[in-house]
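# Survey of secondary and tertiary structure
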Amino acid sequence: MTFEIRTVTADELPGWIRTAEAAFGWTPSAEEIENDCRRLEVERSLAAVDRGRMVGATSAYSFNLTIPGPLSVPAAGVTAVGVLPTHRRRGILTALMRRQLAEMRERGESLAVLYASEAPIYGRFGYGAATTQADLHIDPRRVELREGIPQPGETTLVDRDEARHILPVVFDRFRREIPGQVDRPPGHWDAWFHDPDSHRGGASGRFYAVYTENGEHRGYAAYRVKGEWSEGTDGNIMRVTDLVATTATAYVGLWNYCLSVDLLSRVEVHHRPLDEPVRWMLSDSRQLRLRDVGDALWVRLADVAGALQARHYAVEGTLTLQIHDPFCPENTGIYRLDGGTNGATCRRVADNPDLSMGVDVLGSLYLGGITAGELARGGRIEQHRSGAVRRADLMFGTDQAPWCATHF
Ligand SMILES: CC(C)(COP(=O)(O)OP(=O)(O)OC[C@H]1O[C@@H](n2cnc3c(N)ncnc32)[C@H](O)[C@@H]1OP(=O)(O)O)[C@@H](O)C(=O)NCCC(=O)NCCS
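These numbers come from a predicted model, not from an experiment.

The helix and strand inventory of the protein chain stands at ten helices and 19 strands. Compactness check: the protein chain gives a C-alpha radius of gyration of 22 Å against a globular reference of 22 Å for 408 residues, within 12% of the reference. Residue pairs in contact within the protein chain that sit at least 24 positions apart in sequence constitute 73% of those at least 6 positions apart.

Here we take up the sheet that holds strand E15 (residues 317–324). Strand order in the open sheet formed by five strands is E17-E16-E15-E18-E19, and the pairing between neighbours is mixed. Every interior strand has two partners, whereas the edge strands, strand E17 (343–348) and strand E19 (381–383), have only one. If you compare each strand with its neighbour and ignore which way they point, the axes differ by 25° on average. Alignment of E15 against strand E16 (residues 333–340), held across seven bridges, turns out to be antiparallel. Paired with Ile 323 across the two strands is Gly 333, which belongs to E16. In the packing of helix H8 (residues 359–366) onto the sheet, contacts are made with E15, strand E18 (355–358) and E19, and the angle to E18 comes to roughly 100°. Helix-sheet contacts for helix H10 (residues 388–396) involve E15, E16, E18 and E19, and the interaxial angle to E15 is about 105°.

Here we take up the site of the ligand. Ala 23, Arg 88, Leu 93, Thr 94 and Ser 117 are the nearest of the 18 residues found near the ligand. Broken down by secondary-structure element, the contributors of at least two residues to the shell around the ligand are strand E4 (71–83) and helix H3 (92–107). Its residues assigned to classes, the shell around the ligand comprises nine nonpolar, four polar and five charged.

As a further point, take the sheet that holds strand E9 (residues 207–213). Paired through their backbone hydrogen bonds, the strands of a sheet run either parallel or antiparallel. What the seven strands build is an open sheet, ordered E8-E9-E10-E11-E12-E7-E13; its pairing is mixed. Each edge of the open sheet carries a strand with a single partner, namely strand E8 (154–158) and strand E13 (289–295). Across the sheet, the axes of successive neighbouring strands diverge by a mean angle of 25°, strand direction being ignored. With five bridges joining them, E8 and E9 adopt antiparallel strand pairing. Across the sheet, the residue bridging to Leu 157 is Ala 209, located in E9. Contacting E8, E9, strand E10 (216–226) and strand E11 (236–245), helix H4 (residues 160–175) runs over the sheet at an angle of about 115° to E10.

This paragraph deals with the domain arrangement of the protein chain. Along its sequence, the protein chain is organised into domain 1 (4–109), domain 2 (134–294) and domain 3 (303–396). Here the C-alpha centroids of domain 1 and domain 2 sit 30 Å apart. The partner domain 2 presents 16 residues to the 15 residues of domain 1 that form the contact. If you list the elements that add at least two residues to the side of domain 1 that touches domain 2, you get helix H2 (30–39), strand E3 (53–67) and E4.

What follows concerns the confidence of the model for the protein chain. Per-residue pLDDT for the protein chain has a mean of 97; in total, 100% of the residues score no lower than 70. Confidence scores differ between elements of the protein chain, with H2 showing the lowest mean pLDDT of 95 and H8 the highest of 99.

Its location among the elements puts Ile 5 in strand E1 (residues 4–7). Each C-alpha atom, one on Ile 5 and one on Val 49, is 6.3 Å from the other, the two residues being 44 residues apart in sequence.

The N-to-C vectors of H2 and helix H5 (residues 186–194) enclose an angle of 155°; their axes lie 6 Å apart at closest approach. When the interaxial angle is binned, H2 and H5 end up roughly antiparallel. Together, Asn 35, Arg 38 and Arg 39 of H2 and Gly 187, His 188, Asp 190, Ala 191 and His 194 of H5 make up the contact between the two elements. Taken together, the residues of the contact of H2 with H5 sort by class into one nonpolar, four polar and three charged.

Take unusual backbone geometry next. Across the junction of Gly 69 and Pro 70, the peptide omega takes the value -5°, indicating a cis bond. Within the fold, Pro 70 resides in the loop between E3 and E4. Backbone geometry at Asp 195 places phi at a positive 50°, although glycine is not the residue there. Inspection of the secondary structure assignment puts Asp 195 in the loop between H5 and E9. On the basis of neighbour counts, which here come to 15 C-beta atoms within 10 Å, the residue Asp 195 falls in the partly exposed class.

With respect to the helices, strands and loops of the structure, Ala 248 is situated in helix H6 (residues 248–260). Exposure remark for Ala 248: the 12 C-beta atoms within 10 Å place this residue in the exposed category.

So, on to the pairing of E4. Here is the key point about a regular strand: its side chains alternate between the two faces of the sheet. Across eleven bridges, E3 lies against E4 in antiparallel orientation. Its bridge partner lying in E4, Ser 59 is registered against Thr 79. Counted along the chain from E3 to the antiparallel partner E4, the turn is three residues long. As a crossover connection, the stretch from E4 through H3 into strand E5 (residues 111–115) is right-handed.

The rules behind these values
- Residues numbered from 1 in each chain as written.
- Predicted model: local features only at pLDDT ≥ 70, side-chain atom pairs only at ≥ 80, totals over all residues.
- Helix = DSSP H or I, 4+ residues; strand = E, 2+ residues; numbered from the N terminus.
- Rg over C-alpha atoms; globule rule 2.2 N^0.38 Å.
- Contact = placed C-beta atoms within 7 Å.
- Pairing = 2+ DSSP bridges.
- Axes fitted to C-alpha atoms, helices over the stretch in contact; angles between N-to-C directions.
- Near = placed C-beta within 6 Å.
- Nonpolar A, V, L, I, M, F, W, Y, C, P; charged D, E, K, R; others polar.
- Domains from an automatic or database assignment.
- pLDDT = per-residue confidence, 0-100.
- Parallel < 35°, antiparallel > 145°, perpendicular 65-115°, else oblique.
- Buried ≥ 20, exposed ≤ 12 C-beta atoms within 10 Å, placed from the backbone.
- Right-handed = clockwise from strand over helix to strand, strands pointing away.

The structure is reproduced here in structure tokens:
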């Protein structure tokens with residue numbers, strides 16, 4: 001079978017969206033297509049075309065990704081990956097991934113990130129699962145924050161128009177501090193605020209609770225409420241999609257707000273890291289329940305040396321890494337990494353390596369969310385020099401687990 005891979009035009013975008021969505025078994029409404037168009041980048045949207053029909057799709061967002069430092073670097077956010085059921089397993093995704101990776105490298109993006117629908121798909125293309133997330137469930141009737149935790153600010157409910165001005169500014173401050181976060185370009189905010197009925201899962205429209213301290217907006221919680229009354233008894237569910245705090249006190253204040261809203265039987269905070277400090281702030285820590293725990297952001301180093309020297313490292317150290325990249329053989333080689341708290345250099349060498357791994361495994365290690373020890377014990381890293389796995393963990397580790405608050 002022959003097929004062509006090419007960039008779509010703006011006119012073709014609605015049909016291209018329908019193709020990508022069909023691969024997931026979805027039929028988007030005109031409103032949903034219009035909303036997707038607000039954030040998609042046409043010039044980065046690729047189609048596989050068979051005899052004039054679109055049969056496969058992928059696109060990428062031009063994000064700024066926060067990496068350990070923290071520093072913000074350009075990264076491709078791969079999205080809308082789909083191949084029609086009529087054309088699956090004929091190499092179309094492979095061709096799309098190859099073209100997309102070449103385009104990223106041309107743009108000078110040393111990193112790509114994505115969310116995977118299924119874990120076995122992306123390792124072969126050099127992506128590794130790099131963050132772990134969960135939904136947090138708490139019954140607010142059984143728990144409260146421990147006494148004595150300071151909350152100097154106040155929380156205000158604002159309407160959508162006010163939120164449209166406040167939230168992007170607060171979010172941008174927040175996302176720059178945490179490895180794994182991506183920025184939200186204006187089109188993403190437009191799509192997010194559009195909030196169509198079909199995205200509400202039977203719950204209310206969004207509420208926006210903004211936390212203010214000394215006259216400054218320091219955080220916000222965006223949430224919906226799902227009415228659950230049974231036999232005259234209240235039991236609403238609060239679904240928090242964003243809990244964004246730029247200070248420790250804002251974090252406390254926003255959690256306190258969420259746990260104190262009346263008529264709730266459950267507060268759900270979605271897509272959170274596993275090291276949430278709220279556990280240690282609760283009067284009963286066991287009331288924090290983790291649901292839907294799994295991998296979240298996958299990372300690919302499109303340019304191994306460029307990506308390794310872009311981030312900072314927790315301690316000064318040197319590692320010689322042998323990297324295998326069958327999908328992008330230009331990356332295969334032995335690299336000497338000299339890293340520290342102020343920066344790093346990385347260059348190819350002919351030395352004996354301390355560690356060997358696939359480029360997908362390096363992706364898992366990159367943000368500091370998965371340890372080299374875990375990967376080595378799982379047979380994914382080979383150690384050639386005693387102590388090298390430990391050194392890798394000291395260097396790559398971060399104070400706070402990396403995570404991404406933005407689904408794309
Ligand atoms: C996942 C999907 C994009 C794969 O597209 P495709 O064109 O069939 O993939 P390819 O033919 O290029 O497959 C390349 C290789 O990956 C393997 N592969 C592809 N999808 C896989 C999957 N879901 N699970 C396990 N292996 C998979 C193929 O078997 C093939 O292996 P081989 O090279 O050893 O023969 C397509 O099945 C699809 O659209 N699925 C539904 C939507 C979806 O999940 N999209 C991904 C969103 S993140």
